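# Chains, contacts and geometry: an overview
One letter stands for each residue in the lines below.
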Amino acid sequence: MVQRTSKKRSSRKILDAYQIAQRAENGQNSDDSANDASDDDLVVRDGVMDASRLVGKKKKTKGRKGKDSDDEMEDEEIDSDEALGSDDDYDVLNSKFSQTIRDKSKKLKDRARAKRNGKKQIESSSSEEEDDGYASIDESQLVGLSEAWDMDDKDLAKVNKDSKKNNADGEIVLNDDWESESNNEDSGSDSEDDSESEEEEEDEDEDEEEDIFGNGSDEDVDLKSTLSNIQSKLTKPSKERKRLLTETQNENEFSLPTKGAKLSLNDMIAGVDSSVNSNAILIDKGEKVKSLATPLPKRIQERHDRKVAYDITKEEVGKWEDIVQQNRQAEVLSFPMNPSVKHNDSALTFKSDNVPTNELEKKVHNLLTDSALLDDKKEATFEEIATAKLSVDDLKKRNNELRLMRELMFREEKRAKRIKKIKSKQYHKIQKKERLRNQELVEGSDMESDGEEHDAKRAQERMTLKHKTQSQWAKSMIKSGLSKDASNRGELEEMLRQGERLRTKQLGHEEGEQSDNGVSDIEADYDNEEEDESGSRSKLGKGVLNMDFMKEAERRSKAENLKELEFLRQVEENDGRELLEDGNNNSVNLTRNQGRRVYTPSVSSMKNEMDEVDRRAVQEIEIDESKSLGKRLTKDPKIGKSLKKAEESDEVAEADADEDFNPWLSTDSNTKQKKSNKITLVDQSSTKLSKASQKISKHSKKRTGSAVDSEDAEIDLNKTLKIVDAFGSDQEEEEGANNSTFKQKDLIKEAFAGDDVIQEFDDEKRRVIVDEDDKEEDLTLPGWGDWAVAGKKNKKKKVVRKIDGVVQKDNRKDKNLKNVIINERVNKKNLKYQSSAVPFPFESREQYERALRMPVGQEWTSRETHQKLTMPRVITKQGTVIDPLKAPFK
Amino acid sequence: MSHIVSASAPLDTSKYQRGSSKQQKKARYTKDRKLNAGLKKVDRQYKDAVQSAASTELLLQEDAGYLEAEGMEKTFKFKQDEISEAVDVSTAAKKFDLKLEEFGPYTIDYSRNGRELLIAGRKGHVASIDWRTGALGCELNLNETCHAIKSLHNDQYFAVAQKKYTFIYDKTGLELHRLKQHIDSTLLDFLPYHFLLVSAGNTGFLKYHDVSTGTLVSEYRTKLGPTQAMKQNPWNAVMHLGHGNGTVSLWSPNMSTPLAKIQSSRGPVRDLAIDREGRYMAVSGADKQLKIWDLRKFKEIDTYFTPTPATSLDISDNGLLSVGWGPHVTVWKDVFKSKQNSPYMNHLLPGSKIEKIKYVPFEDILGVGHQKGVSSLIVPGAGEANYDALELNPYESAKQRQEQEVRSLLNKLSPDTISMDPSVIGTVDKRASSIRLKPGQINQVTTPGEDETVPEIRPDVQGKNSKLRSHLRKKKQNVIDQRKLRIEKNLKMEKEIRQKRHREFKGIPEEKDLLGPALARFK
């Protein structure tokens, strides 16, 4: 069996080799511009050849075990090839196709052979060689191309030798040869186990091809010699040769025989770098990478993809749900969502860094830096420098000076404190005088130098009243506000001070000498004046004051004043009690009697008041005198009594005044007094005295009741009210009124008896009710369809139409109302302000009207509510960038 | 300290509630979640708004005070002099008398914010006065009868009903318009929110004139003779007219017939007054009756008697009813709450018949126009103490007035919105569901004339000459053949059917078939 199969195989291989050789020959012989026909022929021939091979192979593989799987493999290969072919030319594809098929068959054969070898343990050198050749090639075994060619030559020689040696199995030799050839041609990618790196070979494939053919031509001699051998030995040429169109011939770098194996990343990397770990992820591990399951149909796969994608997206979007919900439910959305807090800068806000921000600040800053005023450090250094510049002696001197000054200041301070503590008036007086003298000495020199001028100035001041606030300038100053200009204010103040000084001078005493020595002071004034009179007054010359009557008046007043002074002096001396008790009864006459009669009752009352004042003064004096407590105690009731007495007298006086009260001469003060009397409060807490006085006053009022008085008039008014008022609450009054009204009512009834408006109204209402009620219309046509015979009875059939009225009789609003007719007609103009159906989101009228009940306008709600309800749904701040919504989960 | 409301204490919000409680209960639940959420939101807003409104009451610091009598005193016995002495100087200064004896009884009116006083003497003396300062705005002598004077939306314009026409003048007394349509009107009123000048008078016509556009909105014939009295209901802008037969009719510019009619008095109505909230109406008639009506229920509450027919009535913001009868002015308090036995205040203007009384808005002052001039009386507690400056500002500046004018023009209501119940605007028409047609019914509406209720009228004559009968007649009587027999049988059947139908029509019950259905066919 082995023999046979190997023979068959070898024979075919020989044939193949022959073909190749022939083709090479053709290729060499024929020009590049060989005509298509010859090409076609060639192709066809090749196709025939290939097909025969294919058929043969099929025949062989028929009985084998792994047939199915092989078939599958084949399919796969074809698929991949197709995929490859899409890129390549037709020829390439064809060649590739044929190549792969060829490889496949070879592989199968190899496998089978290996199996057999494993079984039978046949140690055939050729098969071992083959196996070795396919199993593994050491990198060390790899050789350069030139060497390879040499080796080839050697091989060839060897083979020749071998063939010569083993004449018996020349086929096997040939076979070997072929294999080596093919190995060269396909550059080691024909076996799946082949780990040989092909890069170099690929680069030189084209050269190789030529060389191959070269080799072929070299071998030609051998081939030709063997051809006859083969042909003679080929017992069974395959009969079923079918012509298939498969191009296998045009081999190039793209038509790599892969033998169905894929180039793995591992393979590629292994060639580059041995250090790469085989555990690297990208490198697919192990030889037993299972074939992948058939992919799902695209449609279904896409559906699955979409589903998964949807789920992912859903989950992603789901994260937003909360925030979207929140935003949807929010009444107001204001953008930007989280504005950065901005403090408004004002003059009051504290800023830690004084970096100039605006133009002005910058300018100021620059100015300060330029003038070296900005840094206080600089100043310090300056000072330091100043002191540093001083020499040691100077520094000492300066320090001493400073110390001296300090010492002096301290002493002065101490002295001042001591002096301040001195309480002696004498000392202070002396001190003051001294000071004044000193001052005078200083001023005096000035005064002496231009006294006249000073006087003139003073006079001018007096005349122009410049020192008062009456002058136009001062007025304007005041008007415009004093605080505006410090200098102006100073001037004004100075002026006023000047005026004050002058005034004090006018009065005659020096500044700060206003003493309160009582009468003596005034007397002294007078004395001064008298002294003056002869001098300064007379100097004034003509004027109002110099006129006779003025002088007279002055004199008179002076005399009076002097008298008063005398009196006061007396009072001062001997308590003046006698004087007061004397009761200067003639005081009224003295003061008021000026040649006119006084009608006012106030005169007498005034007199009384004066008396009262005197009396009080006396009492006070008495109280003052009585120093012991006992004395005082005994005196107290007296005081009370006296007070009471006083009051009484007052009342009496008042009553008198009332009695001869002349309304034409009434003064405001009087009436006021009266008013106040009217509102006197008498209650539990008030004293007996006040109560008594109240009583008295009442009594007095009663006494004078007959007189026409304002108070009495009021009382009368009350009375008159009672008479006049028709709506009085008193029983009698009411009765009386009722009587009168009863009569009136009767009268009215009589008056309106004729036209019974009520009846008319009721009639009208009845009419309206009938008019607006539903109506029935009889549509029967009388006589229609009847015989006009006398004896014919009336038919009962009626045609009636109902007409809807405005409102049914029983549904009227005014059904139970008396004297009222309510119009039930629909106001059509109002209808346009009503909605004919419940608007969309609402389901019932109640819901809608409930939503409506809150007015939005600011007239009906509080400001806060109005603003809240009218706030726009979305508020955006102008000029700000509104960022897209940020999810909080990020 | 008690007036300070602590935060925890619940505010009394009852005053600010809107809508009926029934309404709140009914619409509680729906299945629609979104709608429910919306309703809840509305409810929440409403609640907040009510709370907020109630809390603003804190700002209303002013309180209306009334006269209070101690012991035996009666408030109606206080004289104006006494009151003016007791009150503060500024209030006392508001009491004044204008003695204008020449130009006959004076009618008065105040501008809406109470700043300006308009007086019109019957004999043509018209003047506008800033009564607080006493500054005379304008004074006119029109030399013809003046029946009524009315200030328009602000104190810049006023209308005067003169002998024949009604005129509009501006503040300076310049005649702006002569309203030709308003002939012989004796009563004027102005609806401020609709800008409608309303006039009625001897012609018996009621005319609405839009003063902002200058068009006559509507005119209706009352058919009740010369109108005696006219006042507006401030709540719903319905005009109340008093007529010679003692009825009061209520009018809107949208209906040619009165919205309601009330028979109030037996004699002619002399005057009427409606309170600010539109709840009560006081009507005085020539039958010396003063009747108080509840306008919500249209029921008479009380009747008072006036010694002489009350010529003028007015109700203040705080619900004081003042009655002018003869030379007297009587002020009644709480008349709408209960029957009063005695008045609140009394005043007599000796020898001067009262023509018109009118309360000053936001003031405790009652203006009285009478035979001999105009006087103002102090009525403590009459005016609204807290005014809304956004609405009417007694102290408004010129700028504010101008802005208010523009705003009110923008907010002007259409005359069509006037109805008895103004709250009906914006709501769902109750009749709408009955009016609306179902989809199938629309076709029926489009082909009018075919009313199924009207049966076709057919002559009731029975067809005597049926074909069979005529055929039978044609045939010879004595010939009896198969066909004749058949015809006769058919005729008989026909007759039976006819009779049966007739019986059915008449409603006579069918006589019971003795034989039963099985044997009946052999009959």
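All figures in this text were calculated on a predicted structure; none of them were measured in a lab.

### Considerations on the nonpolar core
Counting 33 residues, the largest nonpolar core has Ile262(B) and Phe298(B) as the members making the most contacts within it. Apart from the residues within four sequence positions on either side, Ile262(B) is in contact with Phe761(A), Asn819(A), Val820(A), Gly246(B), Thr247(B), Val248(B), Leu250(B), Met281(B), Trp293(B), Leu295(B) and Phe298(B). Formed by 30 residues, the second largest nonpolar core is a distinct cluster that contains Phe78(B), Phe96(B), Leu320(B) and Ala382(B).

### Things to note about the interface of chain B and chain A
Listed as interface residues are 90 residues of chain B and, on the opposing side, 68 residues of chain A. Summed over both partners, the interface of chain B with chain A comes to about 7,100 Å²; 60% of that surface belongs to carbon and sulfur atoms. With a shortest N-O distance of 3.0 Å, Arg853(A) and Asp43(B) are connected by a salt bridge. The tally of links from chain B across to chain A stands at 20 residue pairs in polar contact (both at pLDDT 80 or more). Looking at the side of chain B that touches chain A, the elements with two or more residues in it are helix H1 (21-26), helix H2 (33-55), strand E17 (260-263), strand E20 (289-294), strand E21 (299-305) and strand E24 (328-332) of chain B. Examining the composition of the side of chain B that touches chain A, we find that twelve residues originate from one element, H2(B), more than from any other. Class assignment for the residues of the side of chain B that touches chain A results in 36 nonpolar, 26 polar and 28 charged.

### Here we look at the packing of aromatic side chains
Two numbers describe a pair of aromatic rings. These are the distance of the centres and the angle of the planes. On inspection of all chains with the given rule, the structure shows 13 aromatic pairs over all chains. With centroids separated by 6.2 Å and ring planes inclined at 80°, the aromatic side chains of Tyr110(B) and Trp131(B) adopt a geometry described as edge-to-face. You can see Tyr110(B) sitting in strand E2 (residues 106-110) and its partner Trp131(B) sitting in the loop between strand E4 (125-130) and strand E5 (135-141), a full 21 residues away along the chain. With respect to class, Tyr110(B) is no different from Trp131(B); both count as buried. It is Arg853(A) that lies over the ring of Tyr46(B); its NZ or CZ is 3.7 Å from the centre. The side chain of Arg112(B) reaches across the aromatic face of Tyr193(B), ending 5.4 Å from its centre.

### Remarks on the sheet that holds E4(B)
Residues and elements named next belong to chain B. Judged by pairing direction, the sheet is antiparallel, and its four strands sit side by side in the order E2-E3-E4-E5 without closing on themselves. Edge strands, defined here as strands with exactly one partner in the open sheet, are E2 and E5. Strand after strand, the sheet turns through a mean of 15° between neighbouring axes, direction not considered. Bridge count between E4 and E5: six bridges; the pairing is antiparallel. Bridge pairing in E5 places aspartate 130 opposite alanine 135.

### Some thoughts on the pattern of salt bridges
Under the defined criterion, the tally for this structure stands at 33 salt bridges over all chains. Linking Arg850(A) and Asp43(B) is a salt bridge whose minimum nitrogen-to-oxygen distance equals 2.3 Å. Taken together, the positions of Arg850(A) in helix H32 (residues 845-852) and Asp43(B) in helix H2 put the pair across two chains. Each member of the pair, Arg850(A) as well as Asp43(B), carries the same accessibility label: buried. Between Glu384(B) and Arg276(B) there is a salt bridge; the shortest N-O distance is 3.1 Å. With Glu384(B) in the loop between strand E28 (373-378) and helix H5 (398-410) and Arg276(B) in the loop between strand E18 (269-274) and strand E19 (280-285), the pair connects residues that are 108 residues apart, well separated along the chain. When salt bridges with common partners are traced through the structure, they connect Glu772(A), Arg812(A), Asp814(A) and Arg825(A) into a single cluster.

### A short note on unusual backbone geometry
Following Phe335(A), the chain continues into Pro336(A) via a peptide bond in cis, with omega recorded as -5°. Position of Pro336(A) relative to the elements: it lies in the loop between strand E1 (333-335) and helix H13 (359-370). One non-glycine residue with positive phi stands out, namely Ala237(B), at about 60°. When you line up the elements, Ala237(B) lands in the loop between strand E14 (229-232) and strand E15 (239-242). For Phe362(B), which is not glycine, the phi torsion reads 65° and is therefore positive. Positionally, Phe362(B) belongs in the loop between strand E26 (354-359) and strand E27 (365-370).

### Structural notes on the sheet that holds E28(B)
Residue and element names in this part refer to chain B. Ordered in space as E1-E28-E27-E26, the four strands form an open sheet in which the pairing is antiparallel. At either margin of the open sheet sits one strand with a lone partner, and together these are strand E1 (97-99) and E26. The sheet shows a mean angle of 20° between the axes of neighbouring strands, taken without regard to direction. Summarising the sheet, E26 and E27 pair through five bridges and their orientation is antiparallel. Note on E27: the bridge partner recorded for tyrosine 359 is leucine 366.

About the cut-offs
Residues numbered from 1 in each chain as written. Chains lettered and ligands numbered in written order. Predicted model: local features only at pLDDT ≥ 70, side-chain atom pairs only at ≥ 80, totals over all residues. Heavy atoms only, no water. Core = buried A, V, L, I, M, F, W, Y, C linked by side-chain atoms within 4.5 Å. Buried < 20%, exposed > 50% of the residue type's maximum accessible area, 1.4 Å probe, protein only. Contact = heavy atoms within 4.5 Å. Buried area = accessible area lost by both parts, 1.4 Å probe. Salt bridge = Lys/Arg side-chain N within 4 Å of Asp/Glu carboxyl O. Polar contact = N/O pair within 3.5 Å; in protein donor to acceptor, adjacent residues only side chain to side chain. Helix = DSSP H or I, 4+ residues; strand = E, 2+ residues; numbered from the N terminus. Nonpolar A, V, L, I, M, F, W, Y, C, P; charged D, E, K, R; others polar. Phe/Tyr/Trp six-rings, centres within 6.5 Å; stacked < 30°, edge-to-face > 60°. Lys NZ or Arg CZ within 6 Å of the ring centre and 35° of its normal. Pairing = 2+ DSSP bridges. Axes fitted to C-alpha atoms, helices over the stretch in contact; angles between N-to-C directions.

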